[in-house]
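Below, each chain spelled out in residue letters.
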Amino acid sequence: LSTVWRVMAERMTQSWTSVPHFYLVRQVDVSKLVEMRTRIAPAIESKTGIKPTYTDLLTKIAAAVLRKHPRVNASWADGSIKMNDAVNIGIAMAIEDGLIVPVVHHADKLSIGEIAKLRKDLVERANASKLKPADIMGGTFTITNLGMFNVDAFSAIINTPQAAILAVGRIADHVVAVNGQPAVRPMMTLTLSN
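Here the structure is a predicted model, which means the values were calculated and not measured. (Residues numbered from 1 in each chain as written. Predicted model: local features only at pLDDT ≥ 70, side-chain atom pairs only at ≥ 80, totals over all residues. Heavy atoms only, no water.)

Student: Quick one: what's the story with the pattern of salt bridges, residue by residue and with numbers?
Tutor: A side chain of one charge can pair with a side chain of the opposite charge when the charged atoms of the two come close. Considering all chains together, one arrives at eight salt bridges under this definition. Here Asp29 makes a salt bridge to Arg185, at a shortest N to O gap of 3.6 Å. Of the two residues, Asp29 is situated in strand β1 (residues 23-29) and Arg185 in strand β10 (residues 181-193); the sequence distance between them amounts to 156 residues. Judged by relative accessible area, Asp29 falls into the partly exposed class, the value being 40%. Arg185 gets classed as partly exposed once you look at its relative accessible area, which sits at 26%. A salt bridge links Arg67 to Asp108, with the shortest nitrogen-to-oxygen separation between them at 2.9 Å. (Salt bridge = Lys/Arg side-chain N within 4 Å of Asp/Glu carboxyl O. Helix = DSSP H or I, 4+ residues; strand = E, 2+ residues; numbered from the N terminus. Buried < 20%, exposed > 50% of the residue type's maximum accessible area, 1.4 Å probe, protein only.)

Right, dumping it as structure tokens:
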């Protein structure tokens, strides 16, 4: 095993065996998220050369929510809860050598275009094994998205010492009740492990 795979396995095992996990699962109508991406993507792509992904939008949304709910943005350190001042979103990604979680620091203060640009840079450097220690340190919350692989839902293991991780499934059309009537809506399953 490579060093990355070994460290990943050790950290996930430690988290799974030492941190109680419980899961909150919710299927959400993402019509507005899809519309928002469709509306803003051309302007962001024109300005930055990068089309924002759903992970970019969810990173921005999660950062705003964490600012409002700081207890979810907390960490467990030295036997107590540490409230984190910064909102640093880790984005779990698979690379050839394993799984790595580069961090978008101060995500709550960045625009979606800035997040997209940083995410693209982190992905490229992760795939080229050129991440620096600062790129993977300081995360306060993690998002892991398997929607692009047609995964409907999954439960993620918390990236310790963080308090939670959000697992994102694919967007798929479902028939749901809207004002008491059946309607087709793009739906996504989100699973929060805390």
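Student: Lay out the nonpolar core in plain terms, naming residues and giving numbers.
Tutor: Counting 31 residues, the largest nonpolar core has Ile89, Val104, Phe141, Ile143, Val168 and Met188 as its most contacted members. Of all the elements in the fold, those that place two or more residues in this core are α2 (31-48), α3 (54-68), β4 (89-91), β5 (93-95), α4 (112-127), β8 (141-145), β9 (165-178) and β10. Ranked by residues supplied to this core, first place goes to α3 with five residues. Every residue in contact with Phe141, bar those within four places of it in the chain, is listed here: Ala62, Leu66, Val72, Asn73, Asn88, Ile89, Gly90, Gln162, Ala164, Ile165, Leu166 and Leu192. (Core = buried A, V, L, I, M, F, W, Y, C linked by side-chain atoms within 4.5 Å. Contact = heavy atoms within 4.5 Å.)

Student: I'd like to hear about the environment of Val72, residue by residue, with values.
Tutor: The residue Val72 is located in the loop between α3 and β2 (74-77) in this model. Measuring from C-alpha to C-alpha, the distance between Val72 and Leu24 comes to 13 Å, with 48 residues separating the pair along the chain. With sequence-adjacent residues up to four places away left out, Val72 is seen in contact with Leu66, Thr140, Phe141, Ala163 and Ala164.

Student: Which residues make up the packing of α2 against α3, and what values do they have?
Tutor: The relative placement of two packed helices comes down to the angle between their axes together with the axis-to-axis distance. Between α2 and α3, the shortest axis-to-axis distance is 11 Å and the interhelical angle comes to 115°. As judged from the angle between their axes, α2 and α3 are roughly perpendicular. The handedness of the crossing between α2 and α3 comes out as right-handed. Counting all contacts with α2, which are made through Leu33, Val34, Met36 and Arg37, the residues of α3 involved are Tyr54, Leu57, Leu58 and Ile61. (Axes fitted to C-alpha atoms, helices over the stretch in contact; angles between N-to-C directions. Parallel < 35°, antiparallel > 145°, perpendicular 65-115°, else oblique. Left-handed = near helix turned anticlockwise from the far one by under 90°.)

Student: Any chance you could break down the sheet that holds β9 for me, citing the residues and the numbers?
Tutor: Spatially, β1-β10-β9-β8-β4-β7 is the arrangement adopted by the six strands of the open sheet, whose pairing is mixed. Two strands close off the open sheet at either side, each with one partner strand: β1 and β7 (103-104). Pairing analysis gives three bridges linking β4 to β8, with the strands arranged parallel. By the bridge assignment, Gly90 is partnered in β8 with Thr142. Where α2 meets the sheet, its contacts fall on β1, β9 and β10, and the angle it forms with β10 comes to roughly 90°. (Pairing = 2+ DSSP bridges.)

It is worth stressing that arrangement in space is one thing and function is another; only the former is reported here.
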